[in-house]
Amino acid sequence: MKTYILLLRGINVAGKNKMPMSSLKAMLESLKVTAVKTYIQSGNVVFNTTEQINILENTINNAISETFNFEVPIVLIDATEFKEIVAKAIFLDVENLNSYYVILKNKASKSLVEVLKTEVYNNENFIITDRCIYLSCTKGYGKAKCNNNFFEKKLKVQATTRNFKTMQKLLEMSN
């Protein structure tokens, strides 16, 4: 049995793509996953299963489409990899309130990463790894140029962003 973290992007935002967590939990349980736990209303789920990740990802995508009648980008991460992402965070304790993890669905091309690494933005710093961009926004994420859409466009890869507090909570839930 393996533990996974499921991150959905763009649900329950401004009244769009409504997905009650109780309904999401029930849908996942119907897919033969166990110990389903959700965190806040923005699509953060921890669960256990014996299914392989590539099969599971397709199954979840199809089930969301059938159950909720819309599609949303998802990122599915093995709990071991998730723990490594959190452990490699480069944030100082004083930065945690303005620290974000942009979780990449797939590894971005090296050439696009190299170009992006040369760009500089006031009050925003980031470090790009294969699976995560560690982002610090001293003025807050709401005012950041380097947001989720920015990184998806620059790196041509799907991503979803979580703040420090959410990542810590999901790490706790996955233990």
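The structure displayed is predicted, hence computed values, not measured ones.

**Q** An account of the sheet that holds strand β8 (residues 159–163) is requested, with residue identities and associated values reported.
**A** Spatial ordering of the open sheet is given by β6-β7-β5-β8, a layout of four strands whose pairing is antiparallel. Two strands close off the open sheet at either side, each with one partner strand: β6 (124–128) and β8. Recorded for the sheet is a direction-independent mean angle of 20 degrees between the axes of neighbouring strands. Sheet analysis places β6 next to strand β7 (residues 132–137), joined by five bridges and oriented antiparallel. The residue of β7 that forms the bridge with Glu 124 is Cys 137. This element, helix α6 (residues 164–174), spans β5 (99–104) and β8 of the sheet and lies at about 90 degrees to β8.

**Q** Any details on the pairing of strand β3 (residues 44–49)? Residues and values, ideally.
**A** Looking along a regular strand, one sees the side chains alternate between the two faces of the sheet. β3 sits mainly inside the fold: six of its six residues count as buried. Here β3 shows no split at all, with Asn 44, Val 46 and Asn 48 on one side and Val 45, Phe 47 and Thr 49 on the other all buried. Bridge count between strand β1 (residues 2–8) and β3: six bridges; the pairing is antiparallel. When the sheet's bridge partners are listed, Thr 3 is paired in β3 with Asn 48. Where strand β2 (residues 34–39) meets β3, four bridges bridge the pair, whose relative direction is antiparallel. In the strand pairing of β3, Tyr 39 is matched with Asn 44.

What counts and what doesn't
- Residues numbered from 1 in each chain as written.
- Predicted model: local features only at pLDDT ≥ 70, side-chain atom pairs only at ≥ 80, totals over all residues.
- Heavy atoms only, no water.
- Pairing = 2+ DSSP bridges.
- Helix = DSSP H or I, 4+ residues; strand = E, 2+ residues; numbered from the N terminus.
- Axes fitted to C-alpha atoms, helices over the stretch in contact; angles between N-to-C directions.
- Contact = heavy atoms within 4.5 Å.
- Buried < 20%, exposed > 50% of the residue type's maximum accessible area, 1.4 Å probe, protein only.

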